[in-house]
Amino acid sequence: MRTLPPPDQAQWLLSFDFDGTLHDPAAQPPVIPEFFQAIQWLRAEKQALWGINTGRSMEHLVQGLIESRFTILPDFAIVREREIFLPNAVGRFVGVKTWNEACERDIAKLLKKSKRLLKKIREVVKGHTGAQWIEQPGEPAGIISRTEDEMAWIIEQVHLIVPPDSALGWQRNSIYLRFGHKDYQKGSSLTAVGMIFGIGAEGICAMGDSHNDLAMLDDAVASRIACPSNAVDDVKQHVAAQGGFLCTKPCSAGVFEGLAHFFG
């Protein structure tokens, strides 16, 4: 796989969540061929760059690209909702060092500073739910709940514990949650990618289906936003309130519909 030939001067930046937005493991193929046809047309006619903005790790994303039978590489990848990678000449993704190092440094410093808050949250989770508290390399604080309702209750408790002026943030995707820094999420990372390519919010289009996509589905980040029909209700309501487009089809078929709506 390789990226498409670069445009003379990029005019648009397209950002797509992966799981549930592009990738549908139950479908055959997991991503419809029309999506890749649309991307090639948008490159030729609209000078558009495109990328994946996901909660997956880089390794897990590469596996997903292979499983989804991607025929072309994205021009950028945002992984773990915060780390930025760009493909080199041979198709290998290389991290944007200054951004990624600052991100990890700031998150590590904040989580160390927030030990008391995290301890309180952990005590609530352990004492009142059946959810699992996660601590592992690269993910020092996270939660896996048994159900989405349980996760919704946990989020309510987190809001009660964490002061509004705290920099401690969290990213939720279904029953999964990771703690981090409010300044590093899908929206801020996408804005940073836009700065790399010289494209502001007016030239950015973003699509996603879950809670961790909310930060990029915002008119301060992207002038054109949409969600597939399988998006969670909170995302649909948010996109509608922002004046975005609610697709009538799920996953990649919905993404294709959204691209046709905005650029067709």
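Residues numbered from 1 in each chain as written. Predicted model: local features only at pLDDT ≥ 70, side-chain atom pairs only at ≥ 80, totals over all residues. Heavy atoms only, no water.

Draft legend 1. A look at unusual backbone geometry. For the bond running from Gln28 to Pro29, omega is -5 degrees, close enough to zero to count as cis. Assignment of secondary structure puts Pro29 in the loop between strand S1 (12–16) and helix H1 (33–46). Of note in this structure, Gln47 is not a glycine but carries a positive phi near 55 degrees. Structurally, the position occupied by Gln47 is in the loop between H1 and strand S2 (48–53). Even without glycine at this site, Arg69 takes up a positive phi of about 60 degrees. Along the chain, Arg69 turns up in the loop between helix H2 (58–67) and strand S3 (76–79). (Helix = DSSP H or I, 4+ residues; strand = E, 2+ residues; numbered from the N terminus.)

Draft legend 2. Focus on the packing of aromatic side chains. If you walk through the whole model with that rule in mind, you get twelve aromatic pairs. Their ring planes at 70 degrees and their centres at 5.3 Å tell us that Trp99 and Tyr184 sit as a pair that is edge-to-face. Separated by 85 residues along the polypeptide, Trp99 in helix H3 (residues 97–113) and Tyr184 in the loop between strand S9 (176–181) and helix H6 (186–197) bring together distant segments of the chain. Tyr184 matches Trp99 in its accessibility class, with the two residues each being buried. (Phe/Tyr/Trp six-rings, centres within 6.5 Å; stacked < 30°, edge-to-face > 60°. Buried < 20%, exposed > 50% of the residue type's maximum accessible area, 1.4 Å probe, protein only.)

Draft legend 3. Main features of the pairing of strand S8 (residues 168–173). In terms of burial, S8 is a largely internal element, five of the six residues being buried. Of the pairings in the sheet, the one linking S8 to S9 comprises six bridges and is antiparallel in character. Opposite Trp170, over in S9, you have Phe179 as the bridge partner. Where S8 hands over to S9, the hairpin turn is made up of two residues, of which Ser174 adopts a positive phi near 60 degrees. (Pairing = 2+ DSSP bridges.)

Draft legend 4. Representation of the sheet that holds S9 in the model. Here we have four strands laid out as an open sheet, ordered S6-S7-S9-S8, and antiparallel in their pairing. Of all the strands in the sheet, just strand S6 (132–136) and S8 have a single pairing partner and so form its edges. Direction aside, neighbouring strands of the sheet carry axes that sit 25 degrees apart on average. When strand S7 (residues 139–144) meets S9, the two strands line up antiparallel, connected through three bridges. Pairing of Ile144 across the sheet is with Tyr176, part of S9. (Axes fitted to C-alpha atoms, helices over the stretch in contact; angles between N-to-C directions.)

Draft legend 5. The arrangement of the pairing of S3 in detail. Side-chain alternation along S3 places Phe76 and Ile78 on one buried face and Ala77 and Val79 on a second face that is also buried. The pairing of S2 with S3 spans three bridges and is parallel. Among the inter-strand pairings, Ile52 is bridged to a residue of S3, identified as Ala77. Handedness of the crossover joining S2 and S3 through H2 is recorded here as right-handed. Looking at chain direction, S3 and strand S4 (residues 83–87) are connected through three bridges and run antiparallel. From the neighbouring strand, Val79 faces S4, where its bridge partner is Glu83. Where S3 hands over to S4, the hairpin turn is made up of three residues, of which Arg80 adopts a positive phi near 50 degrees. (Right-handed = clockwise from strand over helix to strand, strands pointing away.)

Draft legend 6. Up close: the sheet that holds strand S12 (residues 245–246). In spatial order, the strands read S5-S4-S3-S2-S1-S10-S11-S12; together these eight strands make up an open sheet with mixed pairing. Every interior strand has two partners, whereas the edge strands, strand S5 (93–95) and S12, have only one. Here three bridges tie strand S10 (residues 204–207) to strand S11 (residues 224–227), and the two strands are oriented parallel to one another. Across the sheet, residue Ala206 finds its bridge partner in S11, namely Ile225. Lying on the sheet, H3 is in contact with S4 and S5; it crosses S4 at an angle near 160 degrees. (Contact = heavy atoms within 4.5 Å.)

Draft legend 7. Looking closely at the nonpolar core. Core analysis: the biggest nonpolar cluster contains 46 residues, and Leu13, Ile121, Ile143, Leu168, Phe179 and Leu190 have the highest contact counts within it. Here this core gets six residues from one element, more than from any other, and that element is H3. Beyond its immediate stretch of four places on either side in the chain, Leu168 contacts Leu110, Leu111, Ser114, Leu117, Leu118, Val162, Phe179, Gly180 and Lys182. With 34 residues, the next largest nonpolar core counts Phe36, Met58, Phe245 and Phe263 among its residues. (Core = buried A, V, L, I, M, F, W, Y, C linked by side-chain atoms within 4.5 Å.)

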